[in-house]
Amino acid sequence: MRITVTVDGTKFTDDVEPRQLLVHYLRERLGKVGTVVGCDTSNCGACTVHLDGHSVKSCSVLAVQADGCEVTTIEGLARDGNLHPVQRAFHDNHALQCGFCTPGMIMQSIDLLADNPDPDEKAVREGLEGNLCRCTGYQNIVRAVRDAAAQMQGGAGPEAEQVAGAPATAGGTQ
């Protein structure tokens, strides 16, 4: 089946098997290996990407379901060589150990901040419930999300990737 999908700002048209999972299409066809295959059962969240601006577990989405959609992976977050504020906050707050869950945690955190730009600790923990980390105990992850929220203006959705104090860009607001 032929699909056309925009991934990290680049349009791709490919023939895929109707049963191919989005995570496998991203990794095997497009080389987006930052999207991790964790459990293949949608339990861990390591494969989380954004589909039309909202987080999805790419192991539970067929590639054909992404036809005509925009997909953002962890590789597509940095702008002009600068980490996304959530990526920077994870780094600054030591919110990773082995790093296996980190791409999915970051993608889910961005979606959380798009819905709730100023979450308290409880809201962060609830917003990340579907993403598992077996190393950190979540303390630094929660700290990183709250730090990113403080650094971001107006949330973290695709239209609002603004850093506090930065000039407005096309489509964004200050």
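All of these numbers come straight from a predicted model, not from anything done at the bench.

Calculation notes
- Residues numbered from 1 in each chain as written.
- Predicted model: local features only at pLDDT ≥ 70, side-chain atom pairs only at ≥ 80, totals over all residues.
- Heavy atoms only, no water.
- Helix = DSSP H or I, 4+ residues; strand = E, 2+ residues; numbered from the N terminus.
- Expected span 1.5 Å × (residues − 1).
- Buried < 20%, exposed > 50% of the residue type's maximum accessible area, 1.4 Å probe, protein only.
- Contact = heavy atoms within 4.5 Å.
- Core = buried A, V, L, I, M, F, W, Y, C linked by side-chain atoms within 4.5 Å.
- Salt bridge = Lys/Arg side-chain N within 4 Å of Asp/Glu carboxyl O.
- Pairing = 2+ DSSP bridges.
- Axes fitted to C-alpha atoms, helices over the stretch in contact; angles between N-to-C directions.

Caption draft 1: Helix α3 (residues 102-115), seen in detail. In a regular helix each residue adds 1.5 Å, so 14 residues correspond to 20 Å; α3 covers 20 Å between its end C-alpha atoms and thus fits that length. In terms of residue burial, α3 counts as a mostly covered element, since 12 of its 14 residues are buried. Considering only its buried residues, α3 is in contact with β3 (48-51), β4 (54-57), β5 (70-72), α2 (85-92), α4 (121-127) and α5 (139-151).

Caption draft 2: Here's a closer look at the nonpolar core. Core analysis: the largest hydrophobic core is formed by 23 residues, its most contacted members being Val 86, Phe 90, Met 105, Ile 106, Ile 141 and Val 145. Counting only elements with at least two residues in this core, the list comes to α2, α3 and α5. Ignoring anything within four residues of it in the chain, the contact list for Phe 90 reads Ala 95, Leu 96, Thr 102, Met 105, Ile 106, Ser 109, Ile 141, Ala 144 and Val 145. Counting residues in each nonpolar core, the second largest holds 17 residues, with Leu 26, Leu 30, Leu 51 and Val 61 among its members.

Caption draft 3: Broad picture of the pattern of salt bridges. Scanning all chains against the criterion turns up 7 salt bridges. Notably, a salt bridge pairs Arg 2 with Asp 15, separated by 3.2 Å at the nearest N-O pair. Pair noted here: Arg 2 is in strand β1 (residues 2-7) and Asp 15 is in strand β2 (residues 10-15), with a separation of 13 residues, a long-range link. Among the residues examined, Arg 2 registers a relative accessible area of 53% and is labelled exposed. Classification of Asp 15 by relative accessible area gives partly exposed; the value is 44%. The partner of Arg 125 in a salt bridge is Glu 121, with the nearest N and O atoms 3.1 Å apart.

Caption draft 4: Expanded view of the pairing of β3. Neither face of β3 is open: one carries Thr 48 and His 50, the other Val 49 and Leu 51, and all of them are buried. In this antiparallel pair of consecutive strands, β3 and β4, the connection spans 2 residues, and Asp 52 shows a positive phi of 50°. Note that β3 and β5 share 2 bridges and pair antiparallel. Bridge pairing links Leu 51 to Val 71 in β5.

Caption draft 5: Examining the sheet that holds β1 more closely. Pairing is mixed across the open sheet formed by 5 strands, whose spatial order is β2-β1-β5-β3-β4. The open sheet is flanked by β2 and β4, the only strands paired with a single partner. Across the sheet, the axes of successive neighbouring strands diverge by a mean angle of 35°, strand direction being ignored. With respect to the sheet, helix α1 (residues 22-29) is in contact with β1, β2, β3 and β5, its orientation differing from that of β2 by roughly 105°. Along the sheet, α3 makes contact with β3, β4 and β5, crossing β3 at roughly 40°.

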